[in-house]
Amino acid sequence: MTSRSDAASPTPPPGCPAHGRDLDPFGPDGLRRLYGPEAEADPWALYEKLRAEHGEVAPVLLHGDVPAWLVLGHSANLAAMRTPSRFSRDSRRWSAFQDGRVGADSPLMPVIAWQPLCVFADGEEHRRLRGAVNDGLNRFDRRGIRRHVIRFVDEMVQDFGRTGRAELVTQFAEHLPMLVMTQLLGMPDEYGPRLVDAARDLMKGTETAIASNDYVVATLRRTIERKRVAPGEDLVTALMQHPAGLTDDEVLEHLRVVLLAANETTVNLIADTLKMVLTDPRFRAHLSGGHMTLPDALDQVLWDSPPMILVAGRWATGDTELGGQQIRAGDMLLLGLAAGNFDPVVRPDPTTPLYGNRSHLSFGSGPHECPGQDIGRAIAETSIDHLLTRLPDLRLAVEEEDLTWTSAWLSRHLVRLPVEFTPKNLAEELAEEMAEDDEHVAAVPPTADPAPADPPAAVIPRQRGGWWSRLTARFRR
């Protein structure tokens, strides 16, 4: 994506499935389309059809019936990710661009159009830009992220806790990651709610998406100007002051990519993991026996339902072979993360749990492996753990069969996750916890040589043991 007004227009572009729901799943030459009703209804079923027909790498059609290769095999995906000398991230190499088969109004452009970002760079330029992003993100420790997450979870539970009901996609998962990311970028609190709305609107491509994109860019520009005068311990300052010497435009574009990508992927990870916690009998059975942790659940979800099911793309630097297919110079490869995670070569029985196994493809691999994966995991794990600590009897309010998803070529989203629980007045609970803390502090006698005081920090309620450890303790009594 770019900082220009590049979001989808109100009128569906040529080749977009919104023009008709009866689009034939096959295009010219009998190739399957990665868009349209069949692809949207069940992407996993489509991947298995393609695997049966073509093996590790399948020819497919994108919007406008533009040809590409979908990488389905686990090892083939790793080969494409780890060998930039054969498969570049520079989309200007795409022969479809050079031949004029992809117009400026194509719905592929916001994702594929080249920009001066590390995600479209190779070699030394990639190392320069990626190094700045890595260094900026690595300055945040899990403890600091946890404080932000707990604060926002408590605020949301306080909002809906009295009702005994909530919808955890729109009232929880779609808000939390962006609120936390604004703190990591050093933004004022009041920016958070509006950025949540703008990011959701932008990613959905609504009629107001252009205005939402402009708001995100304007907000980042204001933040950059503020940090120029008053730098802080945040990602914006880190990128501006990095020895790599990023320009203001490079800083803004990378902040925008980090902000939107972190939000989109973490929203999906939180929603799908909550769905698993509430519905999967394997999870409940292992939980009661004390054999499964929340990180295990996250790993299982990252295998079964990657936050991004497909990544576009890689471009062949020359004629080559991959997965038994002859790839021409300039051809585009789509990395099938979800398909690769279900490759029968590495996963012959998809029902076998994969707790603790992190060889999934959900965060990529090689030079372009997701730089923010630890932050995403920390936000997801802490938010779910703390939500279930606050609402330990959380339960699904509808039948599992009533849950629905909406799919596009890059990702799949859980639409709703309605839940019920015992109504809670969180304000009273927080007051009780703070009173307990005060009593504990008063009961501790002063020492002759007290330790230096910690620097001032926001007041965070005392956190009890995680919901998982508290629940499994009951079974060990």
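Scroll up for the structure.
The structure presented is a predicted model; accordingly, all values stated were derived computationally and were not measured. (Residues numbered from 1 in each chain as written. Predicted model: local features only at pLDDT ≥ 70, side-chain atom pairs only at ≥ 80, totals over all residues. Heavy atoms only, no water.)

Asker: Looking at this structure, I do not really get the overall build of the protein. What am I missing?
Answerer: When helices and strands are counted, the protein shows 19 helices and 13 strands. The 477 residues of the protein split such that 50% are buried. Summed over its atoms, the accessible surface of the protein is roughly 21400 Å², and 54% of this surface lies on carbon and sulfur atoms. (Helix = DSSP H or I, 4+ residues; strand = E, 2+ residues; numbered from the N terminus. Buried < 20%, exposed > 50% of the residue type's maximum accessible area, 1.4 Å probe, protein only. Areas by Shrake-Rupley, 256 points an atom, 1.4 Å probe, with all protein chains shown as cover.)

Asker: Whenever I open this one, the pairing of strand S3 (residues 66-71) confuses me. Can you help?
Answerer: Residues in a regular strand project their side chains so that they alternate between the two faces of the sheet. Burial of S3 is extensive: five of the six residues sit out of reach of the surface. Sheet topology places strand S2 (residues 57-62) next to S3; six bridges connect them, and they run antiparallel. By the bridge assignment for S3, Leu-61 is matched with Pro-67. The turn joining S2 and S3, which pair antiparallel and follow one another in sequence, is formed by three residues; a positive phi near 80° is taken by Gly-64. (Pairing = 2+ DSSP bridges.)

Asker: What am I meant to see in the packing of aromatic side chains here?
Answerer: In this description, a pair of aromatic rings is defined by centroid distance and the angle of the planes. This structure, assessed with the given rule, holds three aromatic pairs. Ring geometry for Trp-44 and Tyr-47: centres 6.5 Å apart, planes at 50°, overall tilted. Remark: Tyr-47 and Trp-44 occur in helix H2 (residues 43-54); sequence separation between them is three residues, near one turn of the helix. Both residues of the pair, Trp-44 and Tyr-47, count as buried. Arranged with centres 5.1 Å apart and planes meeting at 70°, the rings of Trp-94 and Phe-97 form a pair that is edge-to-face. Residue classification places Phe-97 among the partly exposed residues on the basis of a relative accessible area of 24%. Cation over ring: Arg-89 sits above Phe-120, and NZ or CZ is 5.1 Å from the ring centre. (Phe/Tyr/Trp six-rings, centres within 6.5 Å; stacked < 30°, edge-to-face > 60°. Lys NZ or Arg CZ within 6 Å of the ring centre and 35° of its normal.)

Asker: What am I meant to see in the environment of Glu-174 here?
Answerer: Tracing the backbone shows Glu-174 in the loop between helix H8 (169-173) and helix H9 (176-184). The buried category is assigned to Glu-174, whose relative accessible area is 13%.

Asker: Sorry if this is basic, but what is going on with the nonpolar core here?
Answerer: Taken as a class, soluble globular proteins show a tendency for nonpolar side chains to be buried jointly. Counting 79 residues, the largest nonpolar core has Leu-168, Leu-176 and Leu-387 as the members making the most contacts within it. Per-element tally for this core: the top contributor is helix H13 (residues 248-279), with 15 residues. Other than its neighbours up to four places away in sequence, Leu-176 contacts Val-149, Phe-152, Val-153, Met-156, Ile-270, Ile-379 and Ser-383. One finds Leu-70, Trp-94, Ala-338 and Trp-409 within the second-largest nonpolar core, a separate group that totals 28 residues. (Core = buried A, V, L, I, M, F, W, Y, C linked by side-chain atoms within 4.5 Å. Contact = heavy atoms within 4.5 Å.)

Asker: Help me understand helix H17 (residues 373-390), please; the structure alone is not making it clear to me.
Answerer: The terminal C-alpha atoms of H17 lie 26 Å apart, and with 18 residues this matches the ideal 26 Å at 1.5 Å per residue to within 8%. The element H17 is extensively covered by neighbouring structure, given that 17 of its 18 residues are classed as buried. (Expected span 1.5 Å × (residues − 1).)

Asker: Help me out: how do you make sense of the sheet that holds strand S4 (residues 87-88) in this one?
Answerer: By definition, the strands of a sheet pair up through backbone hydrogen bonds, in either a parallel or an antiparallel sense. Pairing within the open sheet is mixed, and its six strands lie in the order S1-S2-S3-S9-S6-S4. A single partner strand is all that each edge strand has here, and the edge strands are strand S1 (32-33) and S4. Sheet topology places strand S6 (residues 311-316) next to strand S9 (residues 332-335); four bridges connect them, and they run antiparallel. Paired with Val-311 across the bridge in S9 is Leu-335. Against the sheet, H2 contacts S1, S2 and S3, and its axis sits at roughly 130° relative to S2. Against the sheet, helix H3 (residues 74-82) touches S2, S3, S4, S6 and S9, its axis set at about 120° to S9. (Axes fitted to C-alpha atoms, helices over the stretch in contact; angles between N-to-C directions.)

Asker: Can you walk me through the pairing of S2 in this structure?
Answerer: The element S2 is extensively covered by neighbouring structure, given that six of its six residues are classed as buried. Both faces of S2 are covered, namely the face carrying Val-57, Pro-59 and Leu-61 and the face carrying Ala-58, Val-60 and Leu-62. Summarising the sheet, S1 and S2 pair through two bridges and their orientation is parallel. Across the sheet, residue Arg-33 finds its bridge partner in S2, namely Leu-61.

Asker: Hey, could you run me through the packing of helix H6 (residues 123-138) against H13 in this one?
Answerer: To characterise two packed helices, one gives the angle between the axes of the helices and the distance between these axes. H13 packs onto H6 with a crossing angle of 60° between their chain directions and a minimal axis gap of 12 Å. The angle between H6 and H13 places the two elements in the oblique class. Our pair here, H6 against H13, has a crossing hand that is right-handed. Residue-level inspection shows Glu-125, Arg-128, Leu-129, Val-133 and Leu-137 of H6 in contact with H13, the latter providing Glu-250, His-254 and Val-258. Considering only residue class, the contact of H6 with H13 consists of four nonpolar, one polar and three charged. (Parallel < 35°, antiparallel > 145°, perpendicular 65-115°, else oblique. Left-handed = near helix turned anticlockwise from the far one by under 90°. Nonpolar A, V, L, I, M, F, W, Y, C, P; charged D, E, K, R; others polar.)

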